[in-house]
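# Survey of secondary and tertiary structure
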Amino acid sequence: MKQYDLDRIIDRENTQSIKFDHEKSQCCLPMWIADMDFAVADEIVEAAKKRAEHPIFGYSYLPDALFDAFIRWHRIRHGIEYRKEDIIPYYSVVAAIDLILNTFTQPGDNITIMSPVYVYFWEALKETQRTALASPLINHDNRYSIDFDNLEACFSRSKVFLMCSPHNPAGRVWTHEELERIAALAERYDVMIIADEIHSDLIMPGYRHIPFSSLGSKTADRTITLLSSTKTFNLAQAGMSFMVTQNRQWASILRREMCRFHLGAQNVFAAVMVQAAYEHGEDWLNQVLTYINGNYLLIRDVLTQKMPEIKILPLEGTYLIWLDCRNLPACVTDFFENQAHILGEDGSLFGPEGAGYYRINIATPRRNIEKMLAGMEETYRKCGCRRS
Ligand SMILES: Cc1ncc(COP(=O)(O)O)c(C=O)c1O
């Protein structure tokens, strides 16, 4: 099996990287926005090069082989059988959230989310003038769980649940039982589910992602799942995602809306890169997941031994660690950004329940993790925090 060099530090300067060109990245280690610092699988680069060798980039359609690769990936990886007619390629997951909200809901409609949650969920609701009903996740003994009584109260007044599964930033991979309870509530209150499963391939050893629409055909009928190779294979700017729904009526309404605004054409390079990723990216992804889990375990050990006032939430999925810093004497941005020179994201960006937490992207070579830990440890000592 080919071994990928994930320890390699790749200079991202002059690549218009949002992560690295942030003004604070000049003085901080950039560990914020969710892309990886690893080179993508060689086959993806080769596919793009091969396509570039043909000197005509005229109007084109997506080949069946792309859909076949997507379907096969989800069958093998997650045990779910998607049908080609249920799959609607789109630009990005975030753009799909807006399209779905604008198509199926009205300004002022209540939309349930769980807080803390991916910043853009809040922004999407604000931009589309929908009302967020935020159900707080409960951090009990350093693990998040769903407050089902509260979620039920939100569902009873909502049209849509915008779900994040696995959950960014809580790091949870929802269990079968949790998903079943959500599905039962959605059925009782006739709530549409937008299942943002963009992180579903980023699962740590010992956990398993369960696609929400695999819970049964009634549940699948009220669900639009959002998927993308962009998080999985580090192709954030490739510009391709997928909306998947077996609800024929919803699928045709979405296709009609896309036609109305001429929103269908896909970039020729996105198509070949995404196909190559699903066809050849498995070994790369498996190695990346093992590596990220190694980063997580190292951070967890160092925090436990040397910085016990900072608690790391168990990383079940995603590559975004969520640190509970509520016991630190300093505010989180001051601790990480001004003193330790690490640029992650202040937890309060993810909702009021995120205050006192900090999110860090650990999809980066081990040397950066060691540098991050050294910066944190020095700051921790200077803060006069208690050592174990
Ligand atoms: C839950 C979630 N949804 C969507 C996105 C962004 O997706 P896209 O780049 O396809 O718009 C992210 C990026 O971090 C995310 O965490």
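Rules and cut-offs
- Residues numbered from 1 in each chain as written.
- Predicted model: local features only at pLDDT ≥ 70, side-chain atom pairs only at ≥ 80, totals over all residues.
- Heavy atoms only, no water.
- Near = heavy atom within 4 Å.
- Polar contact = N/O pair within 3.5 Å; in protein donor to acceptor, adjacent residues only side chain to side chain.
- Areas by Shrake-Rupley, 256 points an atom, 1.4 Å probe, with all protein chains shown as cover.
- Nonpolar A, V, L, I, M, F, W, Y, C, P; charged D, E, K, R; others polar.
- Domains from an automatic or database assignment.
- Contact = heavy atoms within 4.5 Å.
- Buried area = accessible area lost by both parts, 1.4 Å probe.
- Salt bridge = Lys/Arg side-chain N within 4 Å of Asp/Glu carboxyl O.
- Helix = DSSP H or I, 4+ residues; strand = E, 2+ residues; numbered from the N terminus.
- Buried < 20%, exposed > 50% of the residue type's maximum accessible area, 1.4 Å probe, protein only.
- Axes fitted to C-alpha atoms, helices over the stretch in contact; angles between N-to-C directions.
- Left-handed = near helix turned anticlockwise from the far one by under 90°.

## Focus on the site of the ligand
- In the neighbourhood of the ligand, the contacting residues comprise Ala34, Ser92, Val93, Val94, Tyr118, Cys164, Asn168, Asp196, Ile198, His199 and Lys231.
- Within the side chain of Ser92, a nitrogen or oxygen atom sits 3.2 Å from an oxygen atom of the ligand.
- At 3.0 Å from an oxygen atom of the ligand is found a main-chain nitrogen or oxygen belonging to Val94.
- For the ligand, whose unbound accessible area comes to 400 Å², protein coverage reaches 90%.
- A breakdown of the residues in the shell around the ligand according to their chemical character gives six nonpolar, three polar and two charged.

## A short note on the domain arrangement of the chain
- Domain boundaries assigned for the chain yield domain 1 (18-41 + 282-381) and domain 2 (57-280).
- Using C-alpha coordinates to define each centre, domain 1 is positioned 25 Å away from domain 2.
- Between domain 1 and domain 2, the residue contacts involve 33 residues of the former and 35 residues of the latter.
- Together, the buried faces of domain 1 and domain 2 total about 3,000 Å²; carbon and sulfur atoms form 58% of this surface.
- It is Glu316, Thr318 and Phe350 in domain 1 that bury the most area against domain 2; as a group they hold 24% of the surface buried on that side.
- Where domain 1 touches domain 2, the interface holds three salt bridges.
- A salt bridge links Arg143 to Glu316; its shortest N-O distance comes to 3.0 Å.
- Linking domain 1 with domain 2 are 19 residue pairs in polar contact (both at pLDDT 80 or more), by the criterion used here.
- Of all the elements in the fold, those that place two or more residues in the side of domain 1 that touches domain 2 are helix H12 (282-306), strand E10 (311-312), strand E11 (320-324) and strand E14 (357-361).

## As for the side chain of Asn234
- Its place among the elements puts Asn234 in the loop between helix H9 (229-233) and strand E9 (241-244).
- Classification of Asn234 by relative accessible area gives buried; the value is 14%.
- At 3.0 Å, the side chain of Asn234 and the backbone oxygen of Phe38 are in polar contact.
- If we ignore the near neighbours within four places in the chain, the residues touching Asn234 are Asp35, Met36, Phe38, Val40, Ser229 and Trp284.

## A word on the packing of helix H4 (residues 93-104) against helix H5 (residues 119-127)
- In the contact formed by H4 and H5, the axes pass within 10 Å of each other and the chain directions differ by 35°. The element H4 and its partner H5 pack so that their crossing is right-handed. Of H5, the residues touching H4 (which contributes Val94, Ile97, Asp98 and Leu101) are Tyr120, Phe121, Ala124, Leu125 and Glu127.
- Here the residues of the contact of H4 with H5 are counted per class, giving seven nonpolar, no polar and two charged.

## With respect to unusual backbone geometry
- Cis peptide bonds are those with omega within 30 degrees of zero, and the linkage from Ser115 to Pro116 qualifies with 5°.
- The topology assignment puts Pro116 in the loop between strand E3 (110-115) and H5.
- A positive phi is found at Gln16, a non-glycine position, where the angle reads about 55°.
- Inspection of the secondary structure puts Gln16 in the segment before helix H1 (18-21).

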